[in-house]
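Observations on the three-dimensional arrangement
Listed here are the chains, written in short residue letters.
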Amino acid sequence: MKRILAGTAATVALAASMTAAQADTWRYAFEEAITDVQGVFATKFKEEVEANSDHEIQLFPYGTLGESADIMEQTQAGILQFVNQSPGFTGSLIPEAQVFFVPYLLPQDEKELNEFFRTSKAINEMFPELYAEQGLELLTMYPEGEVVMTTKEPVAGPADLNEVKFRVMTNPLLVESYKAFGATPTPLPWGEVYGGLQTNIIQGQENPMFFVESTKMYEVTDYITFAGHNNFTTAIMANQDFFEGLSEEDQKMINDAIDVAFEYILDYQQGLTEESLAAIKEAKPSITVTRLSDEQRAPFMEAAKDVEAQFIEMTGDSGKEILEQMKADLANVSD
């Protein structure tokens, strides 16, 4: 009997040690390839954590653990410790996060934009409370680059998007944005976009330029349009139970690593849009690139007012408060 008990104790001890060992390897999933912006951020974060602690970070680029909805579910369930996901997808969980899809809200000036993300009260104080309600610890948000439209036909104004089936993320406000722009918004998982464009199920999509290049969207579209309507935003989160269970030392180490990766990724992105555009032009000389004039943007900006009103309608007082705070934060960095 003693032998059985001793064996059981040994098994329990082994299981406990294995659990401790597993806890030292943290799993981090994101929505892009390892060489894309989210992958570069994740790699820098991993380097910082591993250089300043005994912990290891295991990285899971897009597709290795499923689509965006899958990695969010896995993070909420505690299977993943960290996830990088755009508010575009998180908008179904946290409606207020859709504010980042109000067209023409974010500035185009890179310095102003970066300073906004550094100092915004809405991002650093208000959003963490909303994410916490979903069992998520919001670590930071950062921009990934100006969003461009890639289409099969030229776009000079909303009339050119009439009856164009335009792929959007599964995000109610993004759907409303493209309705306001005159298109037929078509939510599709990312894995189906290239094939959808190839077979003409859809005729357009939007993303930052580096992503258009790395995913070869230019192969199945002929026109790239800079309308200035948005900058892609993303968020890094941790499972809240996991994060709150860490020592203060580990929490500080993670936050320090996030801060280093944040500044690194802003610096990394300088000139990235131009580099990606040059690579696309080299790969496909026939591609047509258009930067809309202020006059051409005016009807899109007019349509954006309706989208802002719909955001407030969707999210009520909470959304309105966040939108007003973001506008105040943006005014502070443009002074």
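Because the structure is predicted, anything quoted here is derived from the model rather than measured. (Residues numbered from 1 in each chain as written. Predicted model: local features only at pLDDT ≥ 70, side-chain atom pairs only at ≥ 80, totals over all residues. Heavy atoms only, no water.)

**Here's the deal with helix H3 (residues 68–76)**
Along H3, the residues that are buried comprise Ser68, Ile71, Met72, Gln74 and Thr75. Across the axial projection of H3, the buried residues extend over an arc of 160 degrees, all falling on one side. Looking at the buried positions of H3, the neighbouring elements they touch are strand E1 (25–30), strand E3 (82–85), helix H4 (87–90), strand E4 (136–151) and strand E9 (231–239). Of the residues trailing H3, Gly78 is marked for its positive phi of about 85 degrees. (Buried < 20%, exposed > 50% of the residue type's maximum accessible area, 1.4 Å probe, protein only. Helix = DSSP H or I, 4+ residues; strand = E, 2+ residues; numbered from the N terminus. Arc of directions from axis to C-beta. Contact = heavy atoms within 4.5 Å.)

**Side note on helix H12 (residues 272–283)**
Given a rise of 1.5 Å per residue, 12 residues ought to cover 16 Å, and the 16 Å separating the end C-alpha atoms of H12 matches this to within 8%. Among the residues of H12, those classed as buried are Leu272, Thr273, Ser276, Leu277 and Ile280. Buried residues in H12, looked at end-on, bunch into an arc of 130 degrees, giving them a common side. The exposed set on the far side of H12, more than 90 degrees from its buried face, consists of Glu275 and Glu282. Among the structural elements, helix H2 (37–51), helix H9 (209–214), strand E8 (223–226), helix H11 (248–268) and strand E10 (288–291) are those in contact with the buried residues of H12. (Expected span 1.5 Å × (residues − 1).)

**Remarks on the packing of aromatic side chains**
What the rule picks out here adds up to 17 aromatic pairs. With a centroid separation of 6.3 Å and 20 degrees between ring planes, the pair formed by Phe100 and Phe117 is classed as stacked. Residue Phe100 is located in the loop between H4 and helix H5 (110–119), and its partner Phe117 is located in helix H5; the two are separated by 17 residues in the primary sequence. With respect to class, Phe100 is no different from Phe117; both count as buried. Consider the rings of Phe116 and Phe117, whose centres lie 5.3 Å apart with planes at 75 degrees: the pair is edge-to-face. Through pairs of rings, three or more aromatic residues link up here, namely Trp26, Tyr28, Phe30, Phe45, Phe82 and Phe242. Sitting above the plane of the Tyr264 ring, Lys44 keeps its charged end 4.8 Å from the centroid. Just above the ring of Phe226 sits the side chain of Arg291; from NZ or CZ to the centre is 3.9 Å. (Phe/Tyr/Trp six-rings, centres within 6.5 Å; stacked < 30°, edge-to-face > 60°. Lys NZ or Arg CZ within 6 Å of the ring centre and 35° of its normal.)

**Points about the pairing of E9**
With respect to burial, E9 is a largely interior element, nine of its nine residues being buried. Going residue by residue along E9, you find Asn231, Thr233, Ala235, Met237 and Asn239 tucked away on one face and Phe232, Thr234, Ile236 and Ala238 tucked away on the opposite face as well. Looking at chain direction, E3 and E9 are connected through four bridges and run antiparallel. From the neighbouring strand, Asn84 faces E9, where its bridge partner is Ile236. Across nine bridges, the pairing between E4 and E9 is antiparallel. From the neighbouring strand, Leu136 faces E9, where its bridge partner is Asn239. (Pairing = 2+ DSSP bridges.)

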